[in-house]
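As a plain string of letters, each chain reads:
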Amino acid sequence: MRIQWTLYFKMLAGLFAVLNPLGAVPLFASLTQARTGAERRHIARVASCTVLVVLAVAAVGGEPLLGVFGISLASFRIGGGILILLMAIAMLHAKRSGAKGSAEESAEAVERQDIAVVPLGLPMLAGPGSISTVILYRHQAKGALTLAAIAVIICVVALSVYLILNFATPLISRLGKTWLNIINRVMGLVLASLAVEFIAEGLIDFFPILANGAR
């Protein structure tokens, strides 16, 4: 059985871009500036576990849930693609998408004692965009090897969330806000490409003649 490394790398890059843990570094640093090192590590660990659980649940139960509500995968592809595209546009302008939480939620989080699950893990990291991406990737999975690859990808992304948040303070001091914004824009470009692909696939499902015309 041939291993589709290109497909797996594309899934990993796409999911990492949607989660964008580097974009959460400034907020994480500001919310935890009064915490001890042990407390920051605990918050990073719980946030990454939240990401792991939410994405795993989305992979297992996301598509059946769409069936319960009578939502076709084609319409979900288009809707999810539009949502991800809006997130990408916000990232290209070095702004935070409203899908990852509002300014009011961030202000409320400052006063919260436990910020690891809400708003950090959900919806800032594992938000609607990443949940949509996992559901669509899960539908594309053909065979046990691809399913196992998606599980590994989710674990790798959750681990990257922990490592990046755990080293948030050194990252800010070494890279600075300018370089973080540059990386954020690059992730936005990757995300925009992914969003266009989802929208195109959804339109082809709705209008098969588009696929014939493209040949």
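Shown above is the structure to which this text applies.
All values derive from a computational prediction rather than experimental measurement.

A. Highlighting the nonpolar core. Ranked by internal contacts, the top residues of the largest apolar core, which has 52 residues, are Leu 15, Leu 55, Leu 165 and Leu 191. Of all the secondary structure elements, the ones that give two or more residues to this core are helix H1 (5-19), helix H2 (25-31), helix H3 (37-68), helix H4 (73-92), helix H6 (116-125), helix H7 (128-140), helix H8 (144-166) and helix H9 (168-206).

B. Highlighting the packing of H7 against H9. The interhelical angle for the contact between H7 and H9, taken along N-to-C directions, is 55°, at an axis separation of 12 Å. With respect to H9, the element H7 is oriented oblique. The interaxial crossing formed by H7 with H9 has left-handed handedness. Within the contact between the two elements, H7 uses Thr 133, Leu 136, Tyr 137 and Gln 140 and H9 uses Leu 194, Phe 198 and Glu 201. Across the contact of H7 with H9, the residue classes break down as four nonpolar, two polar and one charged.

C. View of H4. Between its terminal C-alpha atoms H4 stretches 28 Å, which fits the 28 Å expected from 20 residues at 1.5 Å a residue. Residues of H4 that are buried include every one of Leu 73, Ala 74, Phe 76, Arg 77, Ile 78, Gly 80, Gly 81, Ile 84, Met 87, Ala 88, Ala 90 and Met 91, and no others. Considering only its buried residues, H4 is in contact with H1, H3, H7 and H9. Of the residues trailing H4, Ala 94 is marked for its positive phi of about 55°.

D. How the structure looks around the packing of H4 against H9. Following both chains from N to C, one finds H4 and H9 inclined at 160°, their axes separated by 7 Å at the closest point. When the axis of H4 is compared with that of H9, the two are roughly antiparallel. Relative to H9, the crossing made by H4 is left-handed. When grouped by side-chain class, the residues that make up the contact of H4 with H9 number 18 nonpolar, five polar and four charged.

E. Up close: the environment of Thr 50. Structurally, Thr 50 can be placed in helix H3. For the pair Thr 50 and Leu 125, spaced 75 residues apart in sequence, the C-alpha separation works out to 9.1 Å. With near-sequence residues (within four places) excluded, Thr 50 lies in contact with Ala 116, Val 117, Gly 121 and Leu 122.

F. Expanded view of the layout of surface pockets. Quantified by volume, the second largest pocket comes out at close to 160 Å³. Along the walls of the second largest pocket sit ten residues, with Trp 5, Tyr 8, Ala 149, Val 152 and Ile 153 positioned nearest its centre. Those elements that provide at least two residues to the lining of the second largest pocket are H1 and H8. Per element, the largest residue contribution to the lining of the second largest pocket is six residues, and it comes from H8. Looking at side-chain class alone, the lining of the second largest pocket contains ten nonpolar, no polar and no charged residues.

G. How the structure looks around H7. Between its first and last C-alpha, H7 extends 19 Å over 13 residues, near the 18 Å set by a 1.5 Å rise per residue. By the burial criterion, the buried members of H7 are Gly 129, Ser 130, Ser 132, Thr 133, Val 134, Ile 135, Leu 136 and Tyr 137. Of the surrounding elements, those touching the buried residues of H7 are H1, H3, H4, H6, H8 and H9.

H. Expanded view of the pattern of salt bridges. This model, assessed by the stated rule, comprises three salt bridges. Where Arg 77 meets Asp 205, a salt bridge forms, and the shortest distance between an N and an O atom there is 2.4 Å. One end of the pair, Arg 77, is in helix H4; the other, Asp 205, is in helix H9, with 128 residues separating them in the sequence. Note on Asp 205: relative accessible area 41%, which makes it partly exposed. Each of Arg 77, Glu 201 and Asp 205 takes part in salt bridges that share partners, so that together they form one network.

I. Quick look at empty space enclosed by the protein. Per the counting criterion, the structure on display carries two cavities of 30 Å³ or more. Of the pockets and cavities examined, the largest cavity occupies roughly 40 Å³. Residue lining of the largest cavity: Met 11, Leu 15, Val 134, Tyr 137, Ile 150, Ile 153 and Ile 154, and that is the complete set. Listed by contribution, the elements that provide at least two residues to the lining of the largest cavity are H1, H7 and H8. Considering every element that reaches the lining of the largest cavity, the biggest residue donor is H8, with three residues. The residue makeup of the lining of the largest cavity, split by class, is seven nonpolar, no polar and no charged.

Reading guide: rules and limits
- Residues numbered from 1 in each chain as written.
- Predicted model: local features only at pLDDT ≥ 70, side-chain atom pairs only at ≥ 80, totals over all residues.
- Heavy atoms only, no water.
- Core = buried A, V, L, I, M, F, W, Y, C linked by side-chain atoms within 4.5 Å.
- Buried < 20%, exposed > 50% of the residue type's maximum accessible area, 1.4 Å probe, protein only.
- Helix = DSSP H or I, 4+ residues; strand = E, 2+ residues; numbered from the N terminus.
- Axes fitted to C-alpha atoms, helices over the stretch in contact; angles between N-to-C directions.
- Parallel < 35°, antiparallel > 145°, perpendicular 65-115°, else oblique.
- Left-handed = near helix turned anticlockwise from the far one by under 90°.
- Contact = heavy atoms within 4.5 Å.
- Nonpolar A, V, L, I, M, F, W, Y, C, P; charged D, E, K, R; others polar.
- Expected span 1.5 Å × (residues − 1).
- 1 Å grid on protein atoms, 1.4 Å probe; cavity = no way out; pocket = protein on both sides within 12 Å on 5 of 7 lines; lining within 4 Å.
- Points joined across faces, edges and corners; volume = space filled by probe spheres on them.
- Salt bridge = Lys/Arg side-chain N within 4 Å of Asp/Glu carboxyl O.

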